[in-house]
Amino acid sequence: PSEGRIYGNAVRDGSGTLITRATEAGQLMCLVEIPAEYRTVTKRVLKTPASHRKVTVPAEYKTITKRIPKKLFTKVVQTEPEYQTITKRVVKTPAREVRQEIPAEYETITRRVKTSDGDVTWMPVLCEVNVTRNTIMDIQRALASKGHNPGTIDGVWGTATATAVNAYQRANGLASGELTLQTIERLGVSL
């Protein structure tokens, strides 16, 4: 707050008095001039732009020594010939067409031809009343001997026995559907 305590270069007005002002807190403030700071900066700037110039580079020579024959000689050398085996197919006889007779082949075909229409007719059949266990066993044995499998020979009229009877009737041209007396007679079974 007094002139003696101001550090630096105090700014004075035209009359030479210090330029001061008071703050709200009652302090006296002086305007002080702070000198500018400087630093040295080094920088590269383009003095002349890049350009081209033509420079002639002289040729370089060196001495080479080489031997050259005074006189050239030609010498004839006889060598044995070399042989190589080449396998080649040549036409001995040109291709031609030959007609060869192939005999016809025959095959025997067996087929069933219907000679008469089927018919539904009344025929005597074996009733359950007349059938015993022994009779069924005789029928099963007769079917087995004729090449038809009736299953186990046990005296029971089962699916296997019925199928064997049906196959036997068809193979022998007999009426099928039930166990007819005609089938029993053909099998050789007596009642």
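Position numbers for residues count from 1 along each chain, tracking the sequence in the order it is written. Selection of residues for local features in this predicted model requires a pLDDT of at least 70, selection of side-chain atom pairs for listing and counting requires 80 or more, and totals for whole chains, interfaces and linings are taken over all residues. Each side-chain value is derived from all of the structure's non-hydrogen atoms; neither hydrogens nor water enter the calculation.

With reference to specific residues and values, describe the pattern of salt bridges.
By definition here, a salt bridge exists when the distance from a side-chain nitrogen of Lys or Arg to a carboxyl oxygen of Asp or Glu is within 4 Å. Throughout the structure, instances matching the rule amount to one salt bridge. Between Asp138 and Arg141 there is a salt bridge; the shortest N-O distance is 3.1 Å. Placement of both Asp138 and Arg141 in helix H1 (residues 133-145) is noted, with a separation of three residues, approximately one turn of the helix. Note on Arg141: relative accessible area 42%, which makes it partly exposed. Secondary structure is summarised from DSSP: a helix means a run of H or I of at least four residues, a strand means a run of E of at least two, and numbering begins at the N terminus for each. Three labels apply to residues, based on accessible area from a 1.4 Å probe with only protein chains included: buried if under 20% of the type maximum, exposed if over 50%, partly exposed otherwise in between.

Lay out the packing of H1 against helix H2 (residues 159-171) in plain terms, naming residues and giving numbers.
Only the contacting stretch of a helix is used when fitting its axis, a line to C-alpha atoms as for every element, and angles between N-to-C directions run 0 to 180 degrees. Running from amino to carboxyl end, H1 crosses H2 at an angle of 50 degrees, the nearest separation of the two axes being 10 Å. Judged on the interaxial angle alone, H2 and H1 are oblique. For the crossing formed where H1 meets H2, the hand is left-handed. Where H1 abuts H2, its residues Ile139, Gln140 and Leu143 lie against Thr161, Ala164, Val165 and Tyr168. Within the contact of H1 with H2, the residues separate by chemical class into five nonpolar, two polar and no charged. An angle counts as roughly parallel when it lies under 35 degrees, as roughly antiparallel when it exceeds 145, as roughly perpendicular when it falls between 65 and 115, and as oblique in every other case. Whether a crossing is left-handed or right-handed is set by the direction in which the near helix is turned from the far one by less than a right angle, anticlockwise for left-handed and clockwise for right-handed. Here, residues are in contact when the closest pair of their heavy atoms is within 4.5 Å. Classes in brief: Ala, Val, Leu, Ile, Met, Phe, Trp, Tyr, Cys and Pro nonpolar; Asp, Glu, Lys and Arg charged; the others, Gly included, polar.

Outline the side chain of Gln169, supporting the account with residue identities and numerical values.
Tracing the backbone through its elements, the reader meets Gln169 in helix H2. Assessed through its relative accessible area of 1%, Gln169 is described here as buried. Sequence-distant contacts of Gln169, that is, excluding residues within four places in its chain, are made with Leu174, Ala175, Ser176, Gly177, Glu178, Leu179, Thr180 and Thr183.

Requested: an account of the nonpolar core, with residues and values cited.
We define the nonpolar core as a collection of buried residues of types Ala, Val, Leu, Ile, Met, Phe, Trp, Tyr and Cys that are connected through side-chain atoms lying within 4.5 Å of one another. Judged by nonpolar contacts, Leu126, Ile139, Ala142, Leu143, Ala164, Val165, Tyr168, Leu174, Leu179, Ile184, Leu187 and Val189 together constitute the single largest core of 12 residues. Discounting residues that sit within four places of it in the chain, Tyr168 has contacts with Leu143, Lys146, His148, Leu174, Thr183, Arg186 and Leu187.

If you had to explain H2 to someone new, which residues and values would you point to?
For an α-helix the count is 3.6 residues per turn, leaving residues at separations of three or four pointing the same way. The first and last C-alpha atoms of H2 sit 18 Å apart over 13 residues, in line with the 18 Å expected at 1.5 Å per residue. Considered for burial, the residues of H2 that qualify are Thr161, Ala164, Val165, Tyr168 and Gln169. Looking straight down H2, one finds that the buried residues subtend no more than 135 degrees of arc, so they occupy a single side. Of the residues in H2, the exposed ones pointing more than 90 degrees away from the buried face are Thr159, Arg170 and Ala171. In this fold, the buried residues of H2 make contact with H1 and helix H3 (181-187). In this scheme, a helix's expected span is set at 1.5 Å multiplied by one less than its residue total. Note: the arc covers the axis-to-C-beta directions of the helix.

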